[in-house]
Amino acid sequence: MIPALTLILCFQLAGEVISRALHLPLPGPVLGMAGLLAAMAIWPRVATQVRPVAQGLLGNLSLLFVPAGVGVVGHLDLLTTEGVPLVLALVVSSVLAITVGALTFRAVARLTGGAEGGDD
Amino acid sequence: MTDFTDIWSYLSQGPLLWLTATLVAYGIGDALSRWSGRRPWVNPVLVAVAILAVLLGLTGTPYATYFAGAQFVHFLLGPATVALAVPLYANLRHVRRAALPILAALLAGSLTAMVSALAVAKALGISGQVLISLAPKSATAPVALGISDALGGSPTLTAVLVILTGIIGAVVATPLLNLLRIRDWRARGFAVGVAAHGIGTARAFQVHETAGAFAGLGMGMNAVLTALLAPVVLRFFL
């Protein structure tokens, strides 16, 4: 577990350093993800090693959003005055974005003749 | 009762109390979600946030004190983002075959999310800093906070809007995609990841492994695209 966690943190750290040193708009963890993906593609053994820890983190992904979510207590006055338009904007945009995204994916997948991934 | 006051003043200074409270609140939320048969509107994050918000209100604890304890959980968002490489790697075969649909859906979904949210909010009278804070709401939390900060928004407000977006996405995704008769797990997962980041991805993993992997991919790619697009799109609304 510790070697796997160390590896993940090293990729995050490297991503953070590269992102800041080169003033990239990409956040460090996203670069770290790309780096880890490349490492696994080159050395498949890396994948076997980090898998248990990665699955543990991703299996509890929702928990990690709780501390930021509790930040709602600092915005209660704003949410009472502008909460309705904001929630309406979020609902409308979420429904539209999921619809447009999924329909675009399916349309382009059919155009390019890729097999549907619905049967596995 | 003086004993209790002593214990409280001791505990309220260290991270132990609110770190434990965060895990317990999430445990309760997760148990409720399981009892409901994983109905998406009984969202563990929503339940946990509600419990903790009430607790902070009742004890008069400032958010900064709470966060001093909860930051250990918050920190794991970074490693979890890196860990998304693992399901991506497992689905690399699918991803390579679907490169064009992925890029098209990313661009369409990401633009739709940002433009429609800003258009609705502006039409309903939202402006200025609140509008800026709304722009990156579909990106994953650590990224969205950075974008909001860089553009002059309020990072804590963005955090709340990001969480709400994730919960809304997780709640509407399954019924909406069933209504649209989309059965391709790749399309379903990817669209949810782009629109509703990590909370949508967590939901997608509950439904189907492939959907989860594609949701993770959508979330990662949209984090990048939102960082590039938000300043440009915002110029049309401010």
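From a predicted model like this one, the values you see are computed outputs, not experimental measurements.

1. Things to note about the environment of B:Gly218
All names here are of chain B.
Point 1. Note on placement: Gly218 falls in helix H13 (residues 209-234).
Point 2. By relative accessible area, which is 0% here, Gly218 ends up buried.
Point 3. On a C-alpha basis, the gap between Gly218 and Ala196 in space is 9.3 Å, while along the polypeptide they are 22 residues apart.
Point 4. Look past the residues within four positions of Gly218 in its chain and what remains in contact with it is Phe190, Gly193 and Val194.

2. Considerations on the domain arrangement of chain A
Point 1. Under the domain assignment, chain A is made up of domain 1 (2-64) and domain 2 (78-114).
Point 2. Centre-to-centre separation of domain 1 of chain A and domain 2 of chain A, based on C-alpha positions: 28 Å.

3. Re the confidence of the model for chain B
Point 1. For chain B, the average pLDDT comes to 90, and 99% of its residues sit at 70 or higher.
Point 2. Averaged pLDDT values over the elements of chain B bottom out at 80 in helix H1 (residues 2-11) of chain B and peak at 96 in helix H8 (residues 99-123) of chain B.

4. Here's the deal with the domain arrangement of chain B
When the parts of a complex come together, some accessible area is lost, and that lost area is often used as the size of the interface.
All names here are of chain B.
Point 1. Considered domain by domain, chain B is made up of domain 1 (2-75) and domain 2 (81-234).
Point 2. Between the C-alpha centres of domain 1 and domain 2 the distance comes to 26 Å.
Point 3. Taken residue by residue, the interface counts 6 residues in domain 1 and 7 residues in domain 2.
Point 4. Taken together, both faces of the contact between domain 1 and domain 2 bury some 660 Å²; the carbon and sulfur share is 75%.
Point 5. Put simply, domain 1 and domain 2 have 0 salt bridges between them.
Point 6. Across the side of domain 1 that touches domain 2, the residue classes tally to 4 nonpolar, 1 polar and 1 charged.

Conventions adopted
- Residues numbered from 1 in each chain as written.
- Chains lettered and ligands numbered in written order.
- Predicted model: local features only at pLDDT ≥ 70, side-chain atom pairs only at ≥ 80, totals over all residues.
- Heavy atoms only, no water.
- Helix = DSSP H or I, 4+ residues; strand = E, 2+ residues; numbered from the N terminus.
- Buried < 20%, exposed > 50% of the residue type's maximum accessible area, 1.4 Å probe, protein only.
- Contact = heavy atoms within 4.5 Å.
- Domains from an automatic or database assignment.
- pLDDT = per-residue confidence, 0-100.
- Buried area = accessible area lost by both parts, 1.4 Å probe.
- Salt bridge = Lys/Arg side-chain N within 4 Å of Asp/Glu carboxyl O.
- Nonpolar A, V, L, I, M, F, W, Y, C, P; charged D, E, K, R; others polar.

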